[in-house]
Amino acid sequence: VEKIKKRGLEAICCRAEELDKYNIKSDIFISFQTLEHLLSPIHFLKSLSDKSECKYFVITIPYKKFSRVALPYIRTKTLKEIYAENLHIFELCPDDWKQIFIFCGWKIIYEQIYYQYPQHSILTNFYKQCWRENDFEGFYGVILEKDDTFKKLYKDWP
């Protein structure tokens, strides 16, 4: 944030879930590897759809073939303090993220999966297994545009 401000640009240091409170005037938001760290990605996505002027949202998240609640420190019973930047809560597959985006007031205008290993190689299966076990196979990226078609049908938003 300091580097950005030194260049004469605007920047805010806050939790992602609180961005809607800052009355940011922007046409586009960009989020790299963030949604999986949030306690409530639904609230975050809906609040930006409702309360910001932004028309587009570019998002990348780790690619998972199958959805899961991650919380690795609970799985391993590691009793130490943990902070949001070091914790994946929701690791969802693209189909599940798509449903959430639409539910929260966005439509997908572009999407792509980027794999961290070559797709056409004799060793593809080996690389895929290594990446899956030690990190992520790749990243799922989307460009979203505001569209409240489905969001407005749900009548119990807080």
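These figures come from a predicted structure and were not determined experimentally.

For the rest of this paragraph, the subject is the overall build of the chain. The secondary structure content of the chain amounts to 5 helices and 6 strands. With the C-alpha coordinates aligned to their principal axes, the bounding extent of the chain is approximately 50 × 35 × 35 Å. Looking at the chain residue by residue over its 158 residues, the buried ones come to 34%. Once local pairs closer than 6 in sequence are excluded, the contacts in the chain between residues at least 24 apart make up 73%. With 24 positive and 22 negative side-chain charges, the chain shows a spacing of 1 Å between the two charge centroids.

Attention now moves to the pattern of salt bridges. Overall, the coordinates contain 9 salt bridges when judged by the stated rule. Notably, a salt bridge pairs glutamate 53 with lysine 25, separated by 3.6 Å at the nearest N-O pair. Taken together, the residues span a long stretch of sequence, with glutamate 53 in the loop between α2 (41-51) and β2 (56-63) and lysine 25 in the loop between α1 (2-6) and β1 (28-32) at a distance of 28 residues. Bridged by salt links that share partners, the residues Lys46, Asp50 and Lys151 form one connected network.

Parameters and conventions
Residues numbered from 1 in each chain as written. Predicted model: local features only at pLDDT ≥ 70, side-chain atom pairs only at ≥ 80, totals over all residues. Heavy atoms only, no water. Helix = DSSP H or I, 4+ residues; strand = E, 2+ residues; numbered from the N terminus. Buried < 20%, exposed > 50% of the residue type's maximum accessible area, 1.4 Å probe, protein only. Contact = heavy atoms within 4.5 Å. Lys, Arg positive; Asp, Glu negative; His and termini not counted. Charge placed at Lys NZ, Arg CZ, Asp CG, Glu CD. Salt bridge = Lys/Arg side-chain N within 4 Å of Asp/Glu carboxyl O.

Interpretation in functional terms is not warranted from these geometric data alone.
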